[in-house]
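Chain residues, written in single-letter form:
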Amino acid sequence: AAGVIQSPRHLIKEKRETATLKCYPIPRHDTVYWYQQGPGQDPQFLISFYEKMQSDKGSIPDRFSAQQFSDYHSELNMSSLELGDSALYFCASSLRSDTQYFGPGTRLTVL
Amino acid sequence: AQTVTQSQPEMSVQEAETVTLSCTYDTSESDYYLFWYKQPPSRQMILVIRQEAYKQQNATENRFSVNFQKAAKSFSLKISDSQLGDAAMYFCAYLAPGAQKLVFGQGTRLTINP
C-alpha cells in the first residue's frame, strides 16, 4: 500500500537560512499534519490542513509557515533557522480526522 | 487539556515472553481515539493498534492487544511472544473527537533480550 512520502529525508542548513520540507499524503487522504520531534522527545503537533485549508495550529513558530496545494501535497517552510530547529519533522495524513499515518520524516540539522 | 502519561521510561523482556506497556490519559470527553505507535531505531512512526472509546471490545492486531479500561482512563499494550524486531520506542497517543492534534505520551523504550 502507498505510504506518506516526505522529501528530503535529510537536510543540513546554516543558521538564518531557509528550508522547505515537502509531504505527499496517502492517495485519497484529505488531511495533512506536521509534527516536530526533538531528540529524546515525543512528537509535537505543529499544524494541519483539511481540504487545503488550515484546520488546526499548535506550537508552530511564526518563522514557520505551511500550506496544502490543490494536489493535496503540503510544504512546511522554515525561515531564519535556529540551532533549536534541529529535529525530525514528520508529516502524517488521514482521511478526515481519523487514524494518522506517518511518513518517514525529514531530519533537519541546523549548523 | 488532555494529557497522556507513560510511567515506564524503559522496559525489557526476554524474547518469546509477554510484556505489557502502561498508558493513562486524562480527558473529559466520552468519545475519542487511542493509539499505540512504535518508533524503531529508523525513527519511523508506525501505527501498532487503534481503539475507539465507544467500543468496549479491546482491539487486537496479531501479537499486539490492548487492555482498555475507560473508567480508569487506562490503555495498556500487551505484546505476546516478543520478537527482536519489537525493540523500539512505543508511544501512546490520544485523539479528541473532531480534533486534528495527536497528544503523545513520553514514550517507553522496549528492549528485547535474546
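Here, the structure is the one placed above.
Residues numbered from 1 in each chain as written. Chains lettered and ligands numbered in written order. Predicted model: local features only at pLDDT ≥ 70, side-chain atom pairs only at ≥ 80, totals over all residues. Heavy atoms only, no water.

*Asks:* Could you give an account of the state of the cysteines, with specific residues and numbers?
*Replies:* Defined simply, a disulfide is a covalent bond joining two cysteines at their sulfur atoms. All told, the structure shown has two disulfides over all chains when counted by the stated rule. Between the sulfur atoms of Cys23(A) and its disulfide partner Cys91(A) the distance amounts to 1.7 Å. Measuring handedness by torsion sign, the sulfur bridge of Cys23(A) and Cys91(A) sits at about -55° and is left-handed. Pair noted here: Cys23(A) is in strand β3 (residues 19-24) and Cys91(A) is in strand β9 (residues 87-94), with a separation of 68 residues, a long-range link. A relative accessible area of 0% means that Cys91(A) is categorised as buried. A sulfur-sulfur distance of 2.0 Å marks the disulfide that ties Cys23(B) to Cys92(B). The sign of the -70° torsion about the S-S bond sets the Cys23(B)-Cys92(B) disulfide as left-handed. On the criterion of sequence distance, the pair formed by Cys23(B) in the loop between β3 (19-21) and β4 (24-26) and Cys92(B) in strand β10 (residues 88-95) is long-range, its members being 69 residues apart. (Disulfide = S-S within 2.5 Å. Helix = DSSP H or I, 4+ residues; strand = E, 2+ residues; numbered from the N terminus. Buried < 20%, exposed > 50% of the residue type's maximum accessible area, 1.4 Å probe, protein only.)

*Asks:* Mind laying out the pattern of salt bridges, listing which residues take part and the relevant values?
*Replies:* In a structure, side chains of opposite charge can pair up when their charged atoms sit close to one another. Residues and elements named next belong to chain B. Taken as a whole and judged by the stated rule, the model has eight salt bridges over all chains. Here Glu52 ties to Arg50 by a salt bridge, and the two come within 2.9 Å at their closest N and O atoms. What makes Glu52 buried here is its relative accessible area of 11%. Where Arg63 meets Asp86, a salt bridge forms, and the shortest distance between an N and an O atom there is 2.8 Å. Of this pair, Arg63 sits in the loop between β7 (60-61) and β8 (64-69) while Asp86 sits in the loop between β9 (74-79) and β10, and the two are 23 residues apart along the sequence. (Salt bridge = Lys/Arg side-chain N within 4 Å of Asp/Glu carboxyl O.)

*Asks:* How would you sum up the environment of Leu84(B)? Please name residues and give values.
*Replies:* Residue and element names in this part refer to chain B. Mapped onto the fold, Leu84 is located in the loop between β9 and β10. Along the backbone, Leu84 and Gln14 are 70 residues apart, and their C-alpha atoms lie at a distance of 9.2 Å. Here Leu84 is in contact with Glu15, Ile112 and Pro114, once residues within four sequence places are set aside. (Contact = heavy atoms within 4.5 Å.)

*Asks:* Give a description of the sheet that holds strand β7 (residues 64-68) of chain A that names residues and reports values.
*Replies:* To summarise the sheet geometry, strands pair through backbone hydrogen bonds and adopt either a parallel or an antiparallel arrangement. All names here are of chain A. On the basis of which strands lie adjacent, the open sheet formed by four strands has the order β1-β3-β8-β7 and antiparallel pairing. The open sheet is flanked by β1 (5-7) and β7, the only strands paired with a single partner. This sheet shows a mean twist of 15° between the axes of neighbouring strands, independent of strand direction. (Pairing = 2+ DSSP bridges. Axes fitted to C-alpha atoms, helices over the stretch in contact; angles between N-to-C directions.)

*Asks:* Give a detailed account of the interface of chain A and chain B, specifying residues and quantitative values.
*Replies:* Taken together, the 23 residues of chain A in the interface contact 19 residues of chain B. Note on chain A versus chain B: buried area summed over both sides is about 1,700 Å², and carbon and sulfur give 52% of it. Counting every contact that joins chain A to chain B gives one salt bridge. One salt bridge connects Arg50(B) with Asp98(A), and the closest N-O pair in it is separated by 2.8 Å. Sorting the residues of the side of chain A that touches chain B by element identifies β4 (31-37), β5 (44-50), β6 (53-57), β9 and β10 (101-102) of chain A as the ones contributing at least two each. The biggest single contributor to the side of chain A that touches chain B is β4(A), with four residues. Taken together, the residues of the side of chain A that touches chain B break down into nine nonpolar, 10 polar and four charged. (Buried area = accessible area lost by both parts, 1.4 Å probe. Nonpolar A, V, L, I, M, F, W, Y, C, P; charged D, E, K, R; others polar.)

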